[in-house]
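# Chain and residue survey
Listed below are the residues making up each chain.
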Number of protein chains: 2
Amino acid sequence: MEGEGPLGELFDHVTEDDLLGKKSWEQAEQQMLQDACQLAANKANISMNDVDLIFSGDLLNQIVSSSFASRQLDRPYMGLFSACASWAQALLLAATMVDGNYFDKVMAAVCSHHNTAERQYRFPVEFGNQRPPTAQWTVTGAGAALIESGDGEGPRLTHGTIGRVVDMGVKDPYDMGSAMAPAAADTIIQHFEDTGRKPEDYDLILTGDLSRVGLPICSDLLIRAGYDAGDRLEDCGIMIYDNEKQDVLAGASGAGCSAVVFNAVIYPRLIRKEIHRVLFVATGSLHSPLTFEQGETMPCIAHAVVWEA
Amino acid sequence: MEGEGPLGELFDHVTEDDLLGKKSWEQAEQQMLQDACQLAANKANISMNDVDLIFSGDLLNQIVSSSFASRQLDRPYMGLFSACASWAQALLLAATMVDGNYFDKVMAAVCSHHNTAERQYRFPVEFGNQRPPTAQWTVTGAGAALIESGDGEGPRLTHGTIGRVVDMGVKDPYDMGSAMAPAAADTIIQHFEDTGRKPEDYDLILTGDLSRVGLPICSDLLIRAGYDAGDRLEDCGIMIYDNEKQDVLAGASGAGCSAVVFNAVIYPRLIRKEIHRVLFVATGSLHSPLTFEQGETMPCIAHAVVWEA
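From a predicted model like this one, the values you see are computed outputs, not experimental measurements. (Residues numbered from 1 in each chain as written. Chains lettered and ligands numbered in written order. Predicted model: local features only at pLDDT ≥ 70, side-chain atom pairs only at ≥ 80, totals over all residues. Heavy atoms only, no water.)

## Thoughts on the pattern of salt bridges
Where charged atoms from two side chains of opposite charge come close, those side chains can pair. Within the structure shown, the criterion is met by 24 salt bridges over all chains. The partner of Asp74(A) in a salt bridge is Arg164(B), with the nearest N and O atoms 3.6 Å apart. Taken together, the residues Asp74(A) in the loop between α2 (64-73) and β2 (77-79) and Arg164(B) in the loop between β6 (156-161) and α5 (176-195) connect one chain to another. For Arg164(B), a relative accessible area of 26% corresponds to the partly exposed category. Across the pair Arg269(B) and Glu274(B) runs a salt bridge whose closest N-O atoms are separated by 3.7 Å. What makes Arg269(B) partly exposed here is its relative accessible area of 26%. On the basis of relative accessibility, which here comes to 45%, the residue Glu274(B) falls in the partly exposed class. (Salt bridge = Lys/Arg side-chain N within 4 Å of Asp/Glu carboxyl O. Helix = DSSP H or I, 4+ residues; strand = E, 2+ residues; numbered from the N terminus. Buried < 20%, exposed > 50% of the residue type's maximum accessible area, 1.4 Å probe, protein only.)

## Details of the interface of chain A and chain B
In this complex, chain A contributes 52 residues to the contact, which on the side of chain B involves 52 residues. Interface area, chain A with chain B, both sides summed: about 4100 Å², of which 61% is carbon and sulfur. Looking at the side of chain A facing chain B, the largest losses of area belong to Gln62(A), Met78(A) and Ile162(A), adding up to 17% of the total buried there. The interface formed by chain A and chain B holds four salt bridges in total. Between Arg71(A) and Asp167(B) there is a salt bridge, and its shortest N-O distance comes to 2.5 Å. Run the count over chain A and chain B and you get 27 residue pairs in polar contact (both at pLDDT 80 or more). Elements that contribute at least two residues to the side of chain A that touches chain B include exactly α1 (25-43), β1 (53-58), α2, β2, α3 (86-99), α4 (114-121), α9 (289-293) and β11 (300-308) of chain A. (Contact = heavy atoms within 4.5 Å. Buried area = accessible area lost by both parts, 1.4 Å probe. Polar contact = N/O pair within 3.5 Å; in protein donor to acceptor, adjacent residues only side chain to side chain.)

## A few points about the relation of the copies chain A and chain B
Structural alignment of chain A on chain B gives an RMSD of 0.0 Å, achieved by rotating through 180° and translating 0.0 Å along the axis. Taken together, the rotation and translation relating the two chain copies correspond to the operation of a two-fold axis. Judged by C-alpha distance, Leu80(A) is the residue of chain A that lies nearest the rotation axis, at 2.0 Å. A shared interface surface links the copies, since 100% of the contact residues of chain A are contact residues in chain B too. (Least-squares fit on C-alpha atoms with pLDDT ≥ 70 in both.)

## Digging into the packing of aromatic side chains
For the structure shown, the criterion picks out 14 aromatic pairs over all chains. Ring geometry for Phe262(B) versus Trp307(B): centroids 5.4 Å apart, planes at 40°, classification tilted. Taken as a pair, Phe262(B) in helix α8 (residues 255-271) and Trp307(B) in strand β11 (residues 300-308) lie far apart in primary sequence, 45 residues in all. Taken together, the aromatic side chains of Phe262(A), Tyr267(A), Phe280(A) and Trp307(A) make up a single cluster linked through ring pairs. Above the face of the Tyr202(A) ring, Arg277(A) is positioned so that its terminal group lies 5.9 Å from the ring centre. (Phe/Tyr/Trp six-rings, centres within 6.5 Å; stacked < 30°, edge-to-face > 60°. Lys NZ or Arg CZ within 6 Å of the ring centre and 35° of its normal.)

## Some remarks on the pairing of strand β5 (residues 141-148) of chain A
Residue and element names in this part refer to chain A. Within β5, seven of the eight residues are buried, leaving the element largely enclosed by the surrounding structure. Taken together, the eight bridges between strand β3 (residues 105-112) and β5 define a ladder with antiparallel strand orientation. Along β5, the bridge assignment pairs Lys105 with Glu148. (Pairing = 2+ DSSP bridges.)

## Quick look at the sheet that holds strand β2 (residues 77-79) of chain B
All names here are of chain B. On the basis of which strands lie adjacent, the open sheet formed by four strands has the order β2-β1-β3-β5 and mixed pairing. Single-partner strands in this sheet number two, and they are β2 and β5 (141-148). Neighbour-to-neighbour, the strand axes of the sheet open up by a mean angle of 15°, direction not taken into account. Contacts from helix α3 (residues 86-99) reach β1 (53-58), β3 (105-112) and β5, with the element oriented near 175° to β3. (Axes fitted to C-alpha atoms, helices over the stretch in contact; angles between N-to-C directions.)

## Describing the sheet that holds β11(A)
Residues and elements named next belong to chain A. What the five strands build is an open sheet, ordered β6-β11-β10-β7-β8; its pairing is mixed. Here the strands that pair on one side only, and so sit at the sheet edges, are β6 (156-161) and β8 (233-235). Ignoring strand direction, the axes of neighbouring strands in this sheet form an average angle of 25°. Bridging between β6 and β11 involves five bridges; their strand directions are antiparallel. Directly across from Arg156, in β11, lies its bridge partner Glu308.

## Describing unusual backbone geometry
The linkage connecting Gly208(A) with the following residue, Asp209(A), adopts the cis geometry, with an omega of 10°. Its identity is not glycine, yet Asn45(B) carries a phi of approximately 60°, on the positive side. Among the secondary structure elements, Asn45(B) is positioned in the loop between α1 (25-43) and β1. Overall, Asn45(B) belongs to the exposed group, its relative accessible area being 71%.

## Section: the environment of Leu73(B)
All names here are of chain B. Mapped onto the elements of the fold, Leu73 is located in helix α2 (residues 64-73). The class of Leu73 is buried, set by a relative accessible area of 8%. When the C-alpha atoms of Leu73 and Met48 are compared, they prove to be 7.0 Å apart, with 25 residues separating the residues in sequence. Dropping the residues within four chain positions of it, Leu73 is found in contact with Gln34, Cys37, Met48 and Ile54.

## A look at helix α6 (residues 211-224) of chain A
Helix length check: α6(A), at 14 residues, gives a terminal C-alpha distance of 20 Å against a target of 20 Å (1.5 Å per residue), a fit within 8%. Those residues of α6(A) that are buried are in contact with β4 (136-138), α5 (176-195), β7 (204-208), β8, α7 (236-239) and β9 (251-253) of chain A. (Expected span 1.5 Å × (residues − 1).)

## Thoughts on the environment of Glu274(A)
Examined against the element boundaries, Glu274(A) turns out to sit in the loop between α8 (255-271) and β10 (277-285). In this structure, the C-alpha to C-alpha distance between Glu274(A) and Ala309(A), residues 35 residues apart in sequence, is 8.7 Å.

## Looking at the pairing of β3(B)
All names here are of chain B. For β3, the buried fraction is high: seven of the eight residues fall into the buried class. With six bridges joining them, β1 and β3 adopt parallel strand pairing. From the neighbouring strand, Phe55 faces β3, where its bridge partner is Ala108.

## Some words on the side chain of Gln27(B)
If you trace the backbone, Gln27(B) turns up in helix α1. Exposure remark for Gln27(B): the relative accessible area of 18% places this residue in the buried category. Side-chain polar atoms of Gln27(B) contact the side chain of Glu296(A), separated by 2.9 Å.

## Structural notes on the confidence of the model for chain A
In this model, chain A carries an average pLDDT of 97, and 100% of its residues clear a pLDDT of 70 or more. Predicted complex metrics record ipTM = 0.98 and pTM = 0.98. (pLDDT = per-residue confidence, 0-100.)

## What to know about the side chain of His191(B)
Residue and element names in this part refer to chain B. Tracing the chain through its elements places His191 in helix α5. A relative accessible area of 0% means that His191 is categorised as buried. Here the side chain of His191 touches Thr161 through a polar contact of 3.0 Å, side chain to side chain. Look past the residues within four positions of His191 in its chain and what remains in contact with it is His159, Thr161, Tyr202, Leu279 and Val306.

Dropping the structure here:
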C-alpha cells in the first residue's frame, strides 16, 4: 500500500510480502526495523559496529520491535516511547548525544506495522471491522537515521522542542487527529516562543500524523495564537497515501509514517536545497487499549526538531 | 508489603491502600508516580513548574503510568522503556541533559505496581496462580530524582554505561534472574573496560533486580571475566523484602524496585558519606506476553550509572 501511494517510488525498499517471509507480522516488523538500521549504516559507509548507540521506539507493547531488532544489531540501545511521536524523540535524543560530544555516531530508528498495530490496539485485521471516516491507517514502514557531527556539508539538525502531554478530553481512538492536533499546536507555539521565530522562517512545517481531520484543527489553533502557517503546514499522514484511490479514510498514522516520509521525501529535498529550513513535528497519542477500556481520555504529545539544509 | 520489609521505615511514604483511593490499580500507579515527582520537587525546594523536563518509564503497555502522570505534571516529557532497567536509563538521560547544558533541572521517574504488572504480564492476581521458586515479586513503588548541576556539594552522577541487548536463550518469564544476569555482567564488564576501573574502585556494585537466582550468576560471569566483585555486589531485588517472613520466592523486581531502594537507602548513605562510590546497574527483561506466547526468548538489558559522594 505504501509502495502504491504517491511516494512509492521514493522509498529505498518496498516489499510485496507483509510477513517478509517470517512466521508472524511481529517478526516481520522487527526485521523491517533491523533492515532500515543496516541500510542507514550502509548509506553512511559505516558498519553497524561503528554505531555508538541506537535510540529506537515503536508502537507494540514493551516496544518489542525495537528491543528484538537491537538484539540482532548488538549495539548499545535505549528504548523510547511516544507512540507516533517517537521519530522526533529519537532524532532529538540522538542529536543531543552527538552535539554534547557524548558519542560520535548515534542512530535513531522507528517502525510500525499495520497488522501488528491493528490487532494490538483495535481488532485483528481478519475481523474486518468497519472504521469511521476519522480513522487513520497505520503505516507499515521503518525508518532509520545516522546522526553524526560533520564538516558543515549536508542537512543539520539544529533545534529540538520537547513537548508536554496535552489532553483535551477526546476519548475516541478512531479520531486521533482531533486528539493530537492540540498537542502539535502546543509544541509549535512553544518552539516559536522559545526561538522568536515565526512560520515564515520555515519553508515547511511538517506534522506527523494529524491527518485530514487533525491538520485543519492544528492550523486553526496556530492562527488563534497569532501564527498563520498557511500552506507551509503539511502532514506526513496526508502525504503517504492517495486519498482518491486508496481507502485510508482520514489519512495515515503509525510511528513509521513520519519516518519514511521524512527520510524518503523531505531529507532529499534538504540535500538538494529545494527547501532550506524545516520544522518537523511528530505527534503521538499516548493511550493504551486498557486506558480506553477504563474510560480514560487520550493524552497526546508532540516533539519537534528543526532541520536546515 | 514494601513497608513491612527491612527497608520499610526508610521510605518517604508507605500507603496501606494499594488502590490509593482510586477506581483501578492503574490509576493508583499513575498517582503514585505523580506523587513521587511532586515529593522530589518539594525536597529540592522547587515547584514542579521549575522542572525543565521529565524522563519517565514504567512497565505498562504504552507506558501509560508515565504518560498519564506527566499529563498532570504538565512539564516537557519524554517516555522511555527498558522494563526494570528504566530507572538507570532515566537517570542517565537526565544527567546527560544537565551535564550537556541543555536543561537546568531534569527529573527522572519510574514506577511499578504489583497488581497492574501481574495482570498484564502473567495472570490477574485474583486467579492466585502458583509461582515457581525462581519467580520474582513485582514491587509496588515509585521513585523520582531531580538532577541539576550543583556547587560540588552532595552526591554526583559521574558516569553512565549504556547496555546492549543480551539474550542467552532463556524463555521462562518466571526466571528473569537467569535471563537478566548476563546482561548485567555485560554492562558491568563494559564499564570496567571503558573506565579502566575494577570492582575495588567501588564501595558498592548494586544491581536491580537480579534476585537470589540471578545475582550469583552475574557474580560468576564477572569472575570469569577477571572481575571478582565479592561482597561489593548486592541486588535491590534481594534487599527490599524479608525472604524469611515475606513469601517473595527469588526476590523482587519491577521498575519501581531499584528506584525506591536506591532513593531510600543508597542515596542517603552517599549523602552521609558512609559510601563514596557506587556503580548502580539496573536490569530489565524486554520480552512481552506476546513474544512469550510466540515462543521467543527473552532479550535483556542493563544500564549503569556511577554515583559519587
